[in-house]
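Structural description and commentary
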Amino acid sequence: MDKLDEKQFLVFLIIWFLVAYLIMWFMGGACLSFFVAPSEVNSVCMSNNLLSGLTSIPVIGLLIPFTPWVSLFYWFAPILGFVFAFFGITWWNNYFKTKEASGILFVIVILLFLVLGHFITTNWYYSNITLSPQNNVQYGLHFCFDNNPISCNEFVNNINQEYISQYQSYGGSLKQLILIDFWATLRKNIFLTFILGAIIGWIPFFVKRIIADKK
């Protein structure tokens with residue numbers, strides 16, 4: 001009976017992944033090619049911008065990617081995340097004789113890892129390419145977590161204008177902030193599709209745990 005249950009679980013796992021992958025592919029523009037030139041996105045990606053209105057919805061708009069899958073990396077990142085979750089959860093539960101990796105704590109940890117990892121890599125990337133002083137101007141980064149580009153731009157523009165006024169009055173070096181829209185850059189990051197693939201791989205284990213606990 002246990003072997004039969006394991007076979008049923010594997011079948012459910014495969015079907016669930018295919019359905020979830022198709023949903024992610026649709027949200028990623030439903031592109032019909034692994035490599036899409038910027039000028040061909042609207043013609044090759046059938047659902048491009050179709051779901052862009054969801055970006056204003058809390059949580060969903062923050063963590064669901066709506067960027068077209070224009071390269072091979074977008075296609076394979078969810079698969080790698082799914083495989084990582086499957087083998088990682090299986091190993092953790094078997095090695096430690098527990099069900100911790102099948103619980104809610106796994107999702108919380110992996111989302112914290114996603115947000116913190118994206119913040120660190122984005123800060124490192126922009127710091128290395130944009131923050132070197134140029135013509136007596138010192139640049140800094142301002143991360144906006146508001147998910148509202150208009151208010152973010154207004155806030156940064158007001159601060160930069162204040163820095164300009166101080167520079168004109170007192171001299172010295174001019175400070176300017178570069179706006180980084182955190183959620184917009186996260187939605188475009190391939191790392192997000194990797195994490196979502198891992199969460200997709202976790203859900204069947206979570207369902208299996210609930211069923212086992214009820215029994």
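Anything mentioned here points back to the structure above.
Computed from a predicted model, the values in this text were never measured in an experiment.

What counts and what doesn't
- As a convention, each chain's residues are numbered from 1 in the sequence order in which they are written.
- Given that the model is predicted, a residue must reach a pLDDT of at least 70 before its local features are reported, and side-chain atom pairs must reach 80 or more before they are shown or counted; all residues, however, enter totals for whole chains, interfaces and linings.
- The basis for every side-chain value is the complete set of non-hydrogen atoms in the structure, without hydrogens or water.
- Segments assigned H or I by DSSP are reported as helices when at least four residues long, segments assigned E as strands when at least two residues long, and all are numbered from the N terminus.
- Think of it in three bands: residues with accessible area under 20% of the maximum for their type are buried, residues over 50% are exposed, and the middle band is partly exposed, with areas taken using a 1.4 Å probe on protein chains only.
- Between two residues, a contact is recorded if the distance between any of their heavy atoms is within 4.5 Å.
- Accessibility throughout is a Shrake-Rupley quantity obtained with a 1.4 Å probe, and a residue counts as covered only by protein chains that appear here.
- His is not counted here, nor are the chain ends, while Lys and Arg score as positive and Asp and Glu score as negative.
- Here the site of a charge means NZ on Lys, CZ on Arg, CG on Asp, or CD on Glu.
- In what follows, a disulfide is any cysteine sulfur pair within 2.5 Å.
- Strand pairing is assigned whenever DSSP identifies at least 2 bridges connecting the two strands.
- For the handedness criterion, the strands are oriented away from the viewer, and a crossover whose path from the first strand over the helix to the second runs clockwise is classed as right-handed.

Section: the overall build of the chain
Secondary structure summary: the chain contains eight helices and two strands in total. For the chain, the N- to C-terminal ordering of α and β elements is α-α-α-α-α-β-α-β-α-α. For the chain, the spread of C-alpha atoms along the three principal axes comes to 80 × 45 × 30 Å. Looking at the chain residue by residue over its 215 residues, the buried ones come to 34%. For the chain, long-range pairs separated by at least 24 residues make up 70% of all intrachain contacts whose partners lie at least 6 apart in sequence. Accessible surface for the chain amounts to roughly 13,400 Å². Of this, 68% is attributable to carbon and sulfur atoms. On the chain, the mean spot of the 11 positive side-chain charges and the mean spot of the 10 negative ones are 12 Å from each other.

Observations concerning unusual backbone geometry
Despite not being glycine, Asn-49 shows a phi value in the positive range, around 65°. Here Asn-49 shows up in the loop between α2 (41-44) and α3 (60-63). Asn-49 gets classed as exposed once you look at its relative accessible area, which sits at 52%. The backbone of Asn-147 sits at a positive phi, close to 60°, despite the residue not being glycine. With respect to the element layout, Asn-147 can be found in the loop between β1 (137-144) and α6 (149-170).

Here's the deal with the state of the cysteines
The full count for this structure, using the stated rule, is two disulfides. A disulfide bridge connects Cys-144 with Cys-152, and the sulfur atoms are separated by 1.6 Å. Measuring handedness by torsion sign, the sulfur bridge of Cys-144 and Cys-152 sits at about -40° and is left-handed. The two residues Cys-144 and Cys-152 agree in class, both being buried.

A closer look at the pairing of β1
Both β1 and strand β2 (residues 174-181) contribute to a ladder of eight bridges, which runs parallel. Each bridged residue has a counterpart across the sheet, and for Cys-144 the counterpart in β2 is Asp-181. For the crossover that starts at β1, traverses α6 and ends in the parallel β2, the hand is right-handed.

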